[in-house]
Structure formats: structure tokens, C-alpha cells
Amino acid sequence: MEAPPHGTDFIADSANTATSIATGELTSQGRLATSAGDDRELPTIVEQAWAGGLRTGIVTTARVTDATPAAFVAHVSSRECEGPRSTAPAAGVSGCPADLQSAGGRGSIAEQLAASKLDLLFGGGAQYFAEPAPGAGTVAGIAQRNGFRVLHDARQMTELQPGARALGLFARGNLAREWSGENARVAETIALDAQGKPRFPQPFGCVPNIADQPPVTLEAMTRQALRLLETDNPRGFLLVVEGASIDKAAHDRDPCGEIGELQAFDRAVKTAREFVAANPDTLLIVTADHAQAGQVVGAPALYREYGEWSGRAEYNPGFYAVLRTPRGELLGVSYATNAAGTQEELHTGGNVPAYIEGPGSARVPILIAQRELYTLMHAHLGLPMADSAATP
């Protein structure tokens, strides 16, 4: 649900924060590249790259229709309108009636992506491209008629030749996480025994998610996207890469999932840095769209020590996991933004890091507003300012 356009909400979501990076404009929660209050389309850096003759690509471990990747291309009043079915109002679904093509809008997020000028779009979300599109078969059919080759496995991706346009849909929904806790364990609440002392959960290790490995890694998608966008391309390109399930694992209070996805993202960043080293005119920005739950805290021994000192039961008040590291150490992880019995953790309002490497990075201040990342990208790419969003 969209937050009201007046006042300040200190806890953001991926839709409005990704919009800030993509457009340089602030908007309310849930919106993608549209303004709060008057629902204007906000031109994105990707659309301006199209106008400037640059190749463009988006890579994600989420559904390609999810908020962060979608904010760089789609204009819609609610991030929930990922496919035609969720865009049309129905029982229990508010939809996005003004965004329907029948109402003069651009359609759902999937329809807009399928009709876009993107060169490459890799991730999950096949379910939304299988939905019927008004007067056009399926959304995937729109993409194919628009020149996209629709891919479903890693082999097809590696066989692509430079200049090809490709829509890689490697999972029905989000791509699977690379790691999980032993026996699928996640954080849990702490109960008290009859004497009022906390019963700390037993430690567990993190293991590869063998039963449900992603069909393609973020590193592989990033490497192929760089190859395809860079080859025989004197003008340049803009590539957005998202390690989406760091956030999704945090929502699920899944510390092993978070750690595994952070490692996967780190490998993708390493790939990008290798490219920058070989192509020093490239600007690399590594950041997050918002902060999340999941905080490293003391292991049970520390809480017990403080309890002996204070004479009180001392323990983590939220959800708590004790991880056993490969070296046998114990690591406490706390999730405390929502109550017991709730479905998921919430975002937090903390600052996020921004690692910037390449031309002009030495002039970037220590603290930079999120909107200024758009300005930095825009200046580096030498793009003309646009008064309105580019048409797909």
C-alpha cells in the first residue's frame, strides 16, 4: 500500500529507495518511478541511457518484476502490480487501475519490461511472463515480438552472442538461496525455564542449499552481462546488478541465507571490479537501497555473564540465532524489529554503505544522499537531462 505523499516516513521500502537511485527523485513507499500525490512518470537513468545510445542490462536474483529491478524501467503506482492479473482490480486485490493499458497506462511491470528497450534482463519471475496479456497471448509473447530471446537455463545464457537481446527467466519466482541453516533452521524466540532463566537455542552451522540450488549464479549472470554489453560497443553501457535475497533472507530471519547471499554478491562484485581494472573508464557503485534487520550480537555466554553480574535474566528480546562458524566459534545474530508470531522482520532506517570506484570517485564526499547516486551516474555517462520518461 502506498504511504501518504505528505510528511516523512523514516523506514523506506525497496520501491521508493530504488526509485531515488534510478531517478534522483523522492517518492512514497510502494511507487516505482512515479511521483507521490500526482502520479507523474519520473524519467529513469536507464531510459536516459537508451536516449543516449547506450546498451542497458539488469541482473537480479529476485523476480525481474520485483521492486528494485523494476524501478529502473517500469512506471507504476504500486510495486504489487507485477503481472496483468495483479494489475487488474479483483476481489481482495486493489490492483493499479490507472496503469492498465485499457485505461491508457503502460500496463503491469512485466508488460513494461517486455516492451522495453533493455538489451539484457536476467533473473526470476517466469510466472508473470506466462500470464495472459490483453490481446497479445502472453507477456512472454510481447517480449519475443519485441526482439527478446527468452531463456530458461544457464547454457542458453552462455551461448548468447553480443548484440542479442535476451530475457532470462531462470525461476518461476525468486532464485533459490545458495545457503541455508542446518536442518533449515532460522532464528527463534527465547523461552524462559521454570526458574526464569533463558533457554538459548542450540548453535547450528550454515550449509549449501543442496536441495534447492539456484539454476544460475549471480556471478555467472554478471559475467555474461558484462561480456555481452561490452563487446563491440564504443558508446558504453549501464548495468544494474542486484543481490536481492540478502534482504529476503533477513525478512525471513534466516542468517545463513543472508550470509550465503552476501557471499554470492561479493563474488559478483569481484567480477565487476576485475572488469573495472581492465576498463578504467568504468564507474562502479556498490550500495544497498535500504537497511535491514539482522544484527551481530553476543553469543549466549555473554548474556549469561551479564546475567550473573546483574542478577537478572538477560537475553535477546527478539528472534535469536547462534551460528557455529567453520572455525568452531559462536556468533549471535539478533532480529528484533517485529514481535513473536509475526511473519517477517521489517526494514530499518540506518545508513547504508556506498563503495564507489572509477572516474570521479575521489571527489565523492564521505556521506552522500541516495538521490545523488543518480546524479553521479548521469554525469559519468554524459547523458542529457530529460523532461519526461522515454517511451519503451
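Below you will find a few notes about this structure. These numbers come from a predicted model, not from an experiment. (Residues numbered from 1 in each chain as written. Predicted model: local features only at pLDDT ≥ 70, side-chain atom pairs only at ≥ 80, totals over all residues. Heavy atoms only, no water.)

**Focus on the sheet that holds strand S1 (residues 55–63)**
Phase 1: One open sheet accounts for five strands, arranged S3-S4-S2-S1-S10; its pairing is parallel. Edge strands, defined here as strands with exactly one partner in the open sheet, are strand S3 (149–151) and strand S10 (237–242). The sheet shows a mean angle of 10° between the axes of neighbouring strands, taken without regard to direction.
Phase 2: Summarising the sheet, S1 and S10 pair through six bridges and their orientation is parallel. Opposite threonine 56, over in S10, you have leucine 238 as the bridge partner. (Pairing = 2+ DSSP bridges. Helix = DSSP H or I, 4+ residues; strand = E, 2+ residues; numbered from the N terminus. Axes fitted to C-alpha atoms, helices over the stretch in contact; angles between N-to-C directions.)

**Looking at the nonpolar core**
Note that soluble globular proteins tend to have their nonpolar side chains buried in a common cluster.
Phase 1: Grouped together as the largest cluster of nonpolar side chains are 50 residues, with contacts concentrated most on Phe72, Leu118 and Phe129.
Phase 2: The residues touching phenylalanine 129, leaving out its near neighbours within four places in the chain, are Val64, Thr65, Ala110, Leu113, Ala114, Thr138, Val139, Ala140, Leu167 and Leu169.
Phase 3: If you look at the next biggest cluster of nonpolar residues, it comprises 28 residues, including Phe170, Leu226, Phe275 and Val286. (Core = buried A, V, L, I, M, F, W, Y, C linked by side-chain atoms within 4.5 Å. Buried < 20%, exposed > 50% of the residue type's maximum accessible area, 1.4 Å probe, protein only. Contact = heavy atoms within 4.5 Å.)

**Concerning the environment of leucine 383**
Phase 1: Mapped onto the secondary structure, leucine 383 falls in the segment after helix H13 (370–381).
Phase 2: For leucine 383, a relative accessible area of 8% translates into the label buried.
Phase 3: Once you skip the residues sitting within four places of it in the chain, leucine 383 turns out to touch Ile45, Gln48, Ala49, Gly52, Leu54, Arg235 and His378.

**Considerations on the sheet that holds strand S6 (residues 188–189)**
Phase 1: Read across the sheet, four strands follow the order S6-S13-S14-S12 without closing on themselves; strand pairing throughout is antiparallel. At either end of the open sheet lies a strand with only one pairing partner, and these are S6 and strand S12 (295–297).
Phase 2: Across the sheet, helix H11 (residues 255–278) lies against strand S13 (319–324) and strand S14 (330–335), angled at about 60° from S13, the strand it touches most.

**Overview of the side chain of threonine 23**
Phase 1: Within the secondary structure, threonine 23 is located in helix H1 (residues 14–23).
Phase 2: There is a polar contact of 3.1 Å between the side chain of threonine 23 and the backbone nitrogen of glutamate 25.
Phase 3: Apart from the residues within four sequence positions on either side, threonine 23 is in contact with Ala33, Leu42, Pro43, Thr44 and Tyr374. (Polar contact = N/O pair within 3.5 Å; in protein donor to acceptor, adjacent residues only side chain to side chain.)

**So, the state of the cysteines**
Phase 1: In this structure the tally under the stated criterion is two disulfides.
Phase 2: With its sulfur 1.9 Å from that of its partner, cysteine 81 forms a disulfide with cysteine 96. Disulfide cysteine 81-cysteine 96: torsion about the S-S bond near 90°, hence right-handed. Note that cysteine 81 is positioned in the loop between helix H3 (67–70) and helix H4 (84–87) and cysteine 96 in the loop between H4 and helix H5 (109–114), a separation of 15 residues in sequence. Neither cysteine 81 nor cysteine 96 differs from the other in exposure class; each is buried.
Phase 3: A sulfur-sulfur distance of 2.1 Å marks the disulfide that ties cysteine 206 to cysteine 256. Judged by the torsion about the S-S bond (-75°), the cysteine 206/cysteine 256 disulfide is left-handed. You can see cysteine 206 sitting in strand S9 (residues 206–208) and its partner cysteine 256 sitting in helix H11, a full 50 residues away along the chain.
Phase 4: Taking the relative accessible area as the measure of exposure, cysteine 206 reaches 26% and is therefore partly exposed. (Disulfide = S-S within 2.5 Å.)

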